[in-house]
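Residue-level listing of the chains:
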Amino acid sequence: MKYYITDNCATAVELKDIPEVEYAALYEDLKERLQEEHYHVAHYFARTEENRLKFYLILLDDKEQKIMISSFAMEYYDDIALPSLTALHPQMHPFEREITELYNVEFDSMPWNKPLRFPYNRRNRNSTMDNYPFYTIEGESLHEVNVGPIHAGIIEPGAFRFICNGENVLHLEIALGYQHRGVENEFCSTNNRLRQTLLAESIAGDSAVSHAVAFSYAMEKLTHRVDKNLDLERTVALELERMAMHIADTGALCTDVGYQLGQVACEALRTVTINTTQAWCGNRFGKGLIRPDGTNKPLTSEKIVMILSNVKDVRRRYNEVREDIKSSPTLLARFEQCGLVPKAEMARIGGVGMAARASGVKRDIRSSHPYGAYLDTKHESVVKRQGDVMARLMVRCKEVLQSADNIIRLLSAYTPAVEARPDYDSPLKAESLAVGLIEGWRGEICHVAITDKEGNIETYKVKDPSLHNWLGLAIAVRSEGISDFPINNKSFNLSYCGHDL
């Protein structure tokens, strides 16, 4: 089986250098390779090339820090069904479902090839949210509970269908696809790189920094730009975003079990953290901070002093909240042994990020495929084994402290040196593929850009960590009381818009 082997620091790959193999060879290779935990798929998608449908696979080897790229093709109107990889490895389900939805490709033995997003450009226009094929179970003692798609407050739209036996959940099915922005196609509809950067920031509002960094790295691999000082400042921004969102989720979990002290303390600490980002760049969520090849908001000595002071204070105060949570019998009674996702299940579904690490799956791009400032230091991932709500909370708690320590370490010895302003005009390498692969606060984010003969973006694909982890939430609530769904949901805190695109 042929792959183009590269890593997360290399420049873009020319399309002509990516091996094109037979699907049978790819299937047999992945059939065996994906049984090993250190392999997982970062992206798998199709696109039209002349009269063919070309498929690209981006496989990650977490042990050897390799990115492995291969491809295969079929005639666009070929009605041959491809053997389903999902039937062997459930982590492939969102990729195969999207390919079917967009191109009507059939996958033989696919367990249930349901629509993934209902995008505007789906092939089957008769497939709508109104006729989504929810799973059903018949039985006199069973009943269904439907939540959404319109939720109370400001939460985004998504439909949750519970099948319950009394109060116990037998099955949860999560149907998404209510937000059709056509983000991926928008990247291809303009050559204005500033507009493309703004699109990246808007993929998921709570991950504006993460997605903007992934986009910027993809573009810089196509322009051959490298700036270590810029990398350091981006890493600080990513760690600030991680701190803010983990603190917010800690407060949300405290809210759902009526622990008001933890709630108000975390609300205050999150405010300090996002206000620190705002003092740096003018926006609490980091919009405007990350730009390709440079920045309009470089750190100054004064801003470094401000960030260090705030981060040290937040770290100290948040650690007190963490100790209070760990010593509260009431909270422990609700969080421990609730929403279990075993390690084997998390690995099978391709779980990523802090949710995977809470189940013992050590999947972290910062250590397995380092980039930016993580290249100069070995990142030690926070890993728990229990796989319950408490483990997911404790991973968050420790990552807040770890992110604070990273920021303090990086900035304490840093002399501001970024002088490069954003470059929106450098030509992109033609007929090439670039991967922007980073670890957001939720987990692995993968952006893939393919350019045409003129160096314009012809195909752009985005993978938010929520694409894999929504299934983890469905597994977590099985056999739990339906009243515990809110704390399980908060313990994952997945993105609707990051999934729907």
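These numbers come from a predicted model, not from an experiment.

**Some remarks on the overall build of the chain**
And then number 1: A tally of regular secondary structure across the chain gives 16 helices and 13 strands.
And then number 2: Relative to the compact-globule value of 23 Å for 501 residues, the chain shows a C-alpha radius of gyration of 22 Å, a close match.
And then number 3: Seen through its principal axes, the chain has C-alpha atoms that stretch 70 × 60 × 35 Å.
And then number 4: Every one of the 501 residues in the chain was classed for burial, and the buried ones make up 61%.
And then number 5: Looking at the chain alone, contacts between residues at least 24 apart form 68% of all its contacts between residues at least 6 apart.
And then number 6: By element, 47% of the accessible surface of the chain is carried by carbon and sulfur atoms, the whole surface being about 19,800 Å².
And then number 7: The positive charge centre, built from 58 side chains, and the negative charge centre, built from 70, are 4 Å apart in the chain.

**What about the nonpolar core?**
And then number 1: The biggest cluster of nonpolar side chains holds 73 residues, and the ones touching the most others in it are I325, F335, L411 and L433.
And then number 2: When residues in this core are grouped by element, the largest group, 12 residues, is from helix α13 (residues 389–412).
And then number 3: Not counting chain neighbours up to four residues away, the residues in contact with I325 comprise T250, C254, Y259, L331, L332, M390, L393 and M394.
And then number 4: L53, L59, L82 and M110 belong to the second-largest nonpolar core, a separate cluster that totals 31 residues.

**Considerations on the pairing of strand β5 (residues 66–75)**
Consecutive side chains along a regular strand alternate between the two faces of the sheet.
And then number 1: Most of β5 is tucked away: 7 of the 10 residues are buried.
And then number 2: Looking at chain direction, strand β1 (residues 4–6) and β5 are connected through 3 bridges and run antiparallel. Each bridged residue has a counterpart across the sheet, and for T6 the counterpart in β5 is I67.
And then number 3: Two elements, strand β4 (residues 52–61) and β5, share 10 bridges in a ladder whose sense is antiparallel. In the strand pairing of β5, D61 is matched with K66.
And then number 4: Counted between consecutive antiparallel strands, the loop separating β4 from β5 contains 4 residues, among which Q65 sits at a positive phi close to 60 degrees.

**Describing the packing of aromatic side chains**
And then number 1: Evaluated as defined, the whole model comprises 18 aromatic pairs.
And then number 2: Against the face of W112 rests K114, its NZ or CZ located 4.1 Å from the ring centre.

**Quick notes on the pattern of salt bridges**
Oppositely charged side chains can pair when the atoms bearing their charge come close.
And then number 1: One pass over the full model with this rule turns up 38 salt bridges.
And then number 2: Put simply, K16 and D17 hold a salt bridge, and the shortest N to O gap is 3.4 Å.
And then number 3: When the shortest N-O distance is used, the salt bridge between R47 and E458 registers 2.9 Å. One end of the pair, R47, is in strand β3 (residues 39–49); the other, E458, is in strand β13 (residues 457–463), and 411 residues separate them in sequence.

**Looking at the side chain of H43**
And then number 1: Along the chain, the position of H43 falls in strand β3.
And then number 2: Those residues in contact with H43 that sit more than four places away from it in its chain are Y56, L57, I58, F95, C446, V448, K461, V462 and K463.

**Let's talk about the packing of helix α6 (residues 228–256) against helix α7 (residues 260–281)**
And then number 1: Two numbers describe how α6 lies on α7: the axes approach to 8 Å, and their chain directions differ by 160 degrees. Accordingly, the angle class assigned to the pair α6 and α7 is roughly antiparallel. Helix-helix and strand crossings are classified by hand; for α6 and α7 the assignment is left-handed. Along its contact with α6, which presents E233, V236, A237, L240, M243, A244, I247, A248, T250, G251, C254 and T255, the element α7 presents G262, Q263, C266, L269, R270, T273, I274, T276, T277 and W280.
And then number 2: In the contact of α6 with α7, the residues fall into 12 nonpolar, 8 polar and 2 charged.

**Re the sheet that holds strand β11 (residues 432–439)**
And then number 1: Here we have 4 strands laid out as an open sheet, ordered β2-β11-β12-β13, and antiparallel in their pairing. The open sheet has two free edges, formed respectively by β2 (13–14) and β13, since each of these has just one partner strand.

**Observations concerning a nonpolar patch on the surface**
And then number 1: Taken together, the side chains of W112, Y135, I137 and L170 make up a nonpolar region of the molecular surface, amounting to roughly 340 Å² of accessible area.
And then number 2: Topologically, L170 is positioned in strand β10 (residues 168–175).

**Topic: the sheet that holds strand β9 (residues 159–165)**
And then number 1: The strand order across the open sheet formed by 3 strands is β8-β9-β10, and the pairing between neighbours is antiparallel. The open sheet has two free edges, formed respectively by β8 (142–147) and β10, since each of these has just one partner strand. Going across the sheet, the axis of each strand differs from the next one's by a mean of 20 degrees, ignoring polarity.
And then number 2: Along the sheet, helix α14 (residues 466–476) makes contact with β9 and β10, crossing β10 at roughly 160 degrees.

**With respect to α6**
And then number 1: Between its terminal C-alpha atoms α6 stretches 42 Å, which fits the 42 Å expected from 29 residues at 1.5 Å a residue.
And then number 2: The element α6 is largely enclosed, with a buried count of 24 among its 29 residues.
And then number 3: Its side-chain oxygen placed 3.0 Å from the backbone nitrogen of N229, D227 serves as the N-cap of α6.

**Focus on the environment of H447**
And then number 1: Secondary-structure assignment places H447 in strand β12 (residues 444–451).
And then number 2: For H447, a relative accessible area of 0% translates into the label buried.
And then number 3: Separated by 17 residues in sequence, H447 and D464 have C-alpha atoms that sit 8.7 Å apart.
And then number 4: Aside from chain neighbours lying at most four places away, what touches H447 is I203, H211, A214, F215, A434, V435, G436, Y460, K461 and V462.
And then number 5: For H447, the side chain forms a polar contact with the side chain of H211, separated by 2.9 Å.

**Structural notes on the environment of I80**
And then number 1: Its location among the elements puts I80 in the loop between β5 and β6 (82–83).
And then number 2: Among residues more than four places away in sequence, those in contact with I80 are M74 and E106.

**Quick look at the pairing of β9**
And then number 1: Counting buried residues in β9 gives 6 out of 7 residues, a clear majority hidden from the surface.
And then number 2: In this sheet, β9 lies alongside β8 in antiparallel orientation, the contact comprising 6 bridges. Following the sheet pairing, V147 is matched in β9 by F160.
And then number 3: In this structure, β9 lies alongside β10, joined through 7 bridges in antiparallel fashion. Paired with N165 across the bridge in β10 is N168.

Rules of the game
- Residues numbered from 1 in each chain as written.
- Predicted model: local features only at pLDDT ≥ 70, side-chain atom pairs only at ≥ 80, totals over all residues.
- Heavy atoms only, no water.
- Helix = DSSP H or I, 4+ residues; strand = E, 2+ residues; numbered from the N terminus.
- Rg over C-alpha atoms; globule rule 2.2 N^0.38 Å.
- Buried < 20%, exposed > 50% of the residue type's maximum accessible area, 1.4 Å probe, protein only.
- Contact = heavy atoms within 4.5 Å.
- Areas by Shrake-Rupley, 256 points an atom, 1.4 Å probe, with all protein chains shown as cover.
- Lys, Arg positive; Asp, Glu negative; His and termini not counted.
- Charge placed at Lys NZ, Arg CZ, Asp CG, Glu CD.
- Core = buried A, V, L, I, M, F, W, Y, C linked by side-chain atoms within 4.5 Å.
- Pairing = 2+ DSSP bridges.
- Phe/Tyr/Trp six-rings, centres within 6.5 Å; stacked < 30°, edge-to-face > 60°.
- Lys NZ or Arg CZ within 6 Å of the ring centre and 35° of its normal.
- Salt bridge = Lys/Arg side-chain N within 4 Å of Asp/Glu carboxyl O.
- Axes fitted to C-alpha atoms, helices over the stretch in contact; angles between N-to-C directions.
- Parallel < 35°, antiparallel > 145°, perpendicular 65-115°, else oblique.
- Left-handed = near helix turned anticlockwise from the far one by under 90°.
- Nonpolar A, V, L, I, M, F, W, Y, C, P; charged D, E, K, R; others polar.
- Patch = residues over 30% accessible without salt bridge, like charges linked within 9 Å, V, L, I, M, F, W, Y side chains within 5 Å.
- Expected span 1.5 Å × (residues − 1).
- Polar contact = N/O pair within 3.5 Å; in protein donor to acceptor, adjacent residues only side chain to side chain.

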